[in-house]
Amino acid sequence: MPSLQEMAKKEGAFAGGHRMCAGCPVPIFTKMLTRVTDGYEIVAGNATCCLEVASSIFPYSAWKIPWIHTAFENVGASMSGVETMYRALKKRGKITKPLKFVAIGGDGGTYDIGLQSLSGAMERGHDLVYICYDNGAYMNTGVQRSSATPMGATTTTTPAGEQSFGRQGNRKDLSRIMVAHNIGYVAQASIHDPVDLSEKLKKAIELDGPAFINLLSPCIPGWKIAPDMAVESARLGVESKYWPLYEVIDGVYRINYRPKTEVPVTEWMFLQGRFKHLNKPEYKDVVDAIQQEVERNWNWIIKQEELSELLSGRVN
Amino acid sequence: MSKIVAITGAGAMSECMRQINPDVVPAFPITPSTQVIEDFSQFVADGKVDTEMITVESEHSAMSACIGAAAAGGRVMTATSSAGMALMWEMLHIAASMRQPIVMTLINRALSAPINIHADHSDSMGARDAGWIQLYAENNQEAYDNLIMAPKIAENMDVRLPVMVCMDGFIISHCVQTMQLEEDEKVKAFIGEFESTYPVLDTDHPATWGALDLQDYYMEHKRAQHMAMKNAKDVIQKVSAEFADIFGRKYELFESYRLKDAERVIIAINSVCGEIKEVIDERREAGDKVGLLKIRSFRPFPYEEIAEALKGVKIVTVLDRSESMGAHGPLFVEIRTALFDASEKPMVYNRIFGLGGRELFMSDVHDIFEENKRYLETGKVEKMTDYLKVRGG
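Just so we're clear, the structure is a prediction, and the values are computed from it rather than from any experiment.

1. Digging into the overall build of chain B
Within chain B, the regular secondary structure consists of 12 helices and 16 strands. Here the C-alpha coordinates of chain B stretch approximately 70 × 55 × 45 Å along the principal axes. When each of the 393 residues of chain B is scored for burial, the buried share is 54%. Taking as baseline every contact in chain B between residues at least 6 positions apart, the subset at least 24 positions apart corresponds to 80%.

This is the structure in structure tokens:
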């Protein structure tokens, strides 16, 4: 694996001059796409999302690699088509280059409206990496809740008010759903850790077959944070165990990072304006429930790591 | 050697797809188009084609994969019906607007509700503004011939639009008829090699596909799409003429059947035209000057040509096998528009028939000609738009 300094010297997939918000961390991973692997050229597809609209306002494009967008809920399917045409033309001797395919969607386009086409693409075994950048709401349309929105967050469709503390109930665990597809590679990564992220991108891209990466990516206006706080917000998400960094290779879990100190989830939450309303004594029960859910999820992953290693025969 | 075969309409389409051997076929099963995909899957399994199939999890994904595959730079085909195409709805527009020359067999079937698996045109007529070229067929032979011509029309550089090849569910898709199956090599030679435009797989010339297009450019792109559809009218005729030279069967934008000196005319689409022709032959024997105008290309719609063909006609009954709730039938609306500027306008009225597969028999067609005879004699259309053969009607 090349160092980040070496990688930065390579041509990135994504040019400056795009119209993402100031401080948005999404371009961190789009620039990496062509830098993590040698020997393959990358073709990308996008679901409708912030990245799609901010990178492709006609007649401009931030994309230096071939890139296609068709609709919101279907990047799994449209990229299935692109990847299949590659195999068809390769078989017929009309193309010889080694290419790899990446599909990108936000959590709305992936956890919700695009879940079916994602599932189909992964189940059919296309040589395709799907990257979901999870910022926990429909940010492109103005911060409406998605099934990735964490409990308690205020959004424009789950606003906190006299009768509501914001989003009710627990978020969907999409990474687990993707593990259940029995594909070769599933990982959770975070935008704040470029070394871990680039290694995961490299593994996913170089794998022959479907791979899925769920990427924690804070949203400046949606999380109600300062433009220089995206990386720190993501780091605290990982340190508080809200967003465990792990990967599942052929069904075997491996936790990539174990926080050294106990960081309560409130440190992550109250950095953000979307949870600010919960920072009151009367919402102690809600905050406790969020903390409990974080711990339950972390413990579940630890047990999965133990169990999957045992079942794989790697540990006696 | 070309040969006469007995085959279902759906079977004819899968045979044609075998002959074309497209690069990629994304497909999802739905009655009554399923046989097209089943037969084709067997051709793949038996190595009779080397197409890559994508057995998608929905029709929405089928059309999405068609768009991705076509933009990647190859020939793409699929098939569907009714609710399947309704689920593709969003992507039909995107396929056309992204100018992808995808070819799709549409076996016409009624839309739900109530759920019904039989023929009417509510699916394709509902999609008439999706930007697809729509070709219709009376029987297996015409559907097969349209499918041979479709890639050549779609891929023409003045067009680059998707084509929908339509036939009636069950009545044609599931009925065995005899037809001329052409030689594989002749079909392949007629269609030729696929030429790609800015393929997504060309990493040396990276293109951005599906960009956000706002107030400053959107209208120019829509107009360019409209111009391509206008060009398609000439291209359909040109390709049909080439087809006639090679295979001997002649097609126009519409078929004029005993129209030349006809006074009373029915205009219709698809399989019902077979019965209408039989009735016309019977009535002509008795000296009745009746004729048929059968639509082949509904999009683009040949307004001027139809107005010209109807010169001298005194009354026209337009048969619609679908309806537009709260409006006249979709074919009727186009025909009336076509005739608006004619110097001598015939009387024109509309009958809705055959929804959900309800049969129209030869005796019913005789009744239509009796009715329009009465209207012509009295000079009065008693009912402008009405249902045929319906309880409480």
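2. A word on the overall build of chain A
Helix and strand counts for chain A stand at 12 helices and 8 strands. A principal-axis box enclosing the C-alpha atoms of chain A has dimensions of 70 × 60 × 40 Å. Here chain A, with 316 residues, has 52% of them falling under the buried criterion. Considering only residue pairs separated by 6 or more positions, chain A has 69% of its internal contacts joining residues 24 or more positions apart.

3. Comments concerning the sheet that holds strand β13 (residues 297-299) of chain B
Residues and elements named next belong to chain B. In spatial order, the strands read β4-β5-β7-β6-β13; together these 5 strands make up an open sheet with mixed pairing. Each edge of the open sheet carries a strand with a single partner, namely β4 (77-80) and β13. Each adjacent strand pair in this sheet contributes to an overall mean axis angle of 25°, direction not counted.

4. Structural notes on the sheet that holds strand β15 (residues 347-352) of chain B
Adjacent strands of a sheet pair through backbone hydrogen bonds, lying either parallel or antiparallel. All names here are of chain B. A sheet is described by the order of its strands in space; here 6 strands give the open sequence β10-β12-β11-β14-β15-β16, paired in mixed fashion. In this open sheet, the two edge strands, each paired with only one partner strand, are β10 (254-257) and β16 (385-387). Ignoring strand direction, the axes of neighbouring strands in this sheet form an average angle of 20°. With 3 bridges connecting them, β15 and β16 associate as parallel partners. When the bridges of β16 are listed, N350 appears paired with T385. Against the sheet, helix α9 (residues 272-285) engages β10, β11 (264-269), β12 (290-295) and β14 (315-320), with an angle of about 160° to β12.

5. Here's the deal with helix α12 (residues 362-378) of chain B
Residue and element names in this part refer to chain B. Between its terminal C-alpha atoms α12 stretches 25 Å, which fits the 24 Å expected from 17 residues at 1.5 Å a residue. When α12 is considered as a whole, its buried residues turn out to be V365, I368, F369, E371 and N372. Projection of α12 onto a plane perpendicular to its axis shows the buried side chains occupying an angular sector of 160°, all on one side. Facing away from the buried side of α12, by more than 90 degrees, are the exposed residues S363, E370, R374, E377 and T378. Tucked into the core, α12 has its buried residues touching β11, α9, β12, β14 and β15. Once α12 ends, the next one or two residues include G379, with phi positive near 70°.

6. Focus: the interface of chain A and chain B
Accessible area lost on assembly of the parts is the figure often given for the size of an interface. With 40 residues of chain A at the contact, the number on the chain B side is 38 residues. Every element with two or more residues in the side of chain A that touches chain B is listed here: β1 (41-46), β2 (67-69), α4 (75-91) and α6 (115-124) of chain A.

7. Some remarks on the confidence of the model for chain B
Residue and element names in this part refer to chain B. Overall, the predicted model of chain B reaches an average pLDDT of 98, with 100% of residues at or above 70. Averaged pLDDT values over the elements of chain B bottom out at 97 in β16 and peak at 99 in strand β6 (residues 133-136). For this predicted complex, the interface confidence reaches an ipTM of 0.97, while the overall pTM sits at 0.98.

8. Some points on the environment of A:K260
Within the secondary structure, A:K260 sits in the loop between β8 (252-255) and α11 (265-269). Judged by C-beta crowding, with 7 C-beta atoms within 10 Å, A:K260 ranks as exposed.

9. What to know about the nonpolar core
Core analysis: the largest hydrophobic core is formed by 218 residues, its most contacted members being A:V82, B:I153 and B:I267. Among the elements that make up this core, the one with the highest residue count is helix α3 (residues 59-73) of chain B (9 residues). Beyond its immediate chain neighbours, meaning those up to four positions away, B:I153 contacts B:I133, B:V159, B:V163, B:A232, B:V235, B:I236 and B:V239.

10. Thoughts on unusual backbone geometry
The omega torsion of the bond from B:T31 to B:P32 falls at 0°, within 30 degrees of zero and hence cis. Summarising the element assignment, B:P32 is placed in the loop between β2 (24-27) and α2 (34-45). For the peptide bond that leads from B:S112 to B:A113, omega is -5°, which places it in the cis range. The topology assignment puts B:A113 in the loop between β5 (103-108) and α5 (122-126). Even without glycine at this site, A:K224 takes up a positive phi of about 55°. Its location among the elements puts A:K224 in the loop between α9 (220-223) and α10 (230-239). Under the C-beta neighbour-count criterion, A:K224 is labelled partly exposed, with 17 such atoms within 10 Å.

11. Some thoughts on the packing of α4(A) against α3(B)
In contact at an axis separation of 6 Å, α4(A) and α3(B) are set at 45° when each is read in the N-to-C sense. Between α4(A) and α3(B), the crossing angle belongs to the class labelled oblique. The chirality of how α4(A) crosses α3(B) is right-handed. Contacts between α4(A) and α3(B) involve A:A77, A:S78, A:M79, A:S80, A:G81, A:V82, A:T84, A:M85, A:Y86 and A:L89 on the former and, on the latter, B:S61, B:S64, B:A65, B:C66, B:I67, B:G68, B:A69, B:A71, B:A72 and B:G73. In terms of residue class, the contact of α4(A) with α3(B) is made up of 12 nonpolar, 8 polar and no charged.

12. Observations concerning the environment of A:S175
All names here are of chain A. Mapped onto the elements, S175 comes out in helix α7 (residues 174-179). Among the residues examined, S175 registers 22 C-beta atoms within 10 Å and is labelled buried. For S175 and S78, which are 97 residues apart along the polypeptide, the C-alpha to C-alpha distance reads 21 Å.

13. Focus on the pairing of β15(B)
All names here are of chain B. Along β15, 5 of the 6 residues are buried, which leaves the element largely enclosed by surrounding structure. Looking at chain direction, β14 and β15 are connected through 6 bridges and run parallel. In the sheet register, V316 faces β15, and the bridge partner there is V348. Following the backbone out of β14, through helix α11 (residues 330-339) and into the adjacent parallel β15, one traces a crossover that is right-handed. In this fold, the crossover linking β15 to β16 by way of α12 has left-handed handedness.

14. Some thoughts on the environment of B:Q141
Residue and element names in this part refer to chain B. Looking at where Q141 falls in the secondary structure, it is placed in helix α6 (residues 140-154). Residues Q141 and G9, spaced 132 residues apart in sequence, show a C-alpha to C-alpha distance of 8.1 Å. Excluding residues that lie within four positions of it along the chain, Q141 makes contacts with M179 and Q180.

15. Some points on helix α8 (residues 194-206) of chain A
Helix length check: α8(A) (13 residues) gives 18 Å between terminal C-alpha atoms against 18 Å at 1.5 Å per residue, within 8%. Turning to α8(A), its buried residues are A:L197, A:S198, A:K200, A:L201, A:K203, A:A204 and A:I205.

16. Thoughts on the packing of helix α1 (residues 9-20) of chain B against α6(B)
All names here are of chain B. Interhelical geometry of α1 versus α6 gives an angle of 25° and a closest axis separation of 9 Å. Between α1 and α6, the crossing angle belongs to the class labelled roughly parallel. Both α1 and α6 take part in a crossing whose hand is right-handed. Within the contact between the two elements, α1 uses G9, A12, M13, C16 and I20 and α6 uses N140, A143, Y144, L147, I148 and P151. In terms of residue class, the contact of α1 with α6 is made up of 9 nonpolar, 2 polar and no charged.

Conventions adopted
Residues numbered from 1 in each chain as written. Chains lettered and ligands numbered in written order. Predicted model: local features only at pLDDT ≥ 70, side-chain atom pairs only at ≥ 80, totals over all residues. Helix = DSSP H or I, 4+ residues; strand = E, 2+ residues; numbered from the N terminus. Buried ≥ 20, exposed ≤ 12 C-beta atoms within 10 Å, placed from the backbone. Contact = placed C-beta atoms within 7 Å. Pairing = 2+ DSSP bridges. Axes fitted to C-alpha atoms, helices over the stretch in contact; angles between N-to-C directions. Expected span 1.5 Å × (residues − 1). Arc of directions from axis to C-beta. pLDDT = per-residue confidence, 0-100. Core = buried A, V, L, I, M, F, W, Y, C linked by C-beta atoms within 7 Å. Parallel < 35°, antiparallel > 145°, perpendicular 65-115°, else oblique. Left-handed = near helix turned anticlockwise from the far one by under 90°. Nonpolar A, V, L, I, M, F, W, Y, C, P; charged D, E, K, R; others polar. Right-handed = clockwise from strand over helix to strand, strands pointing away.

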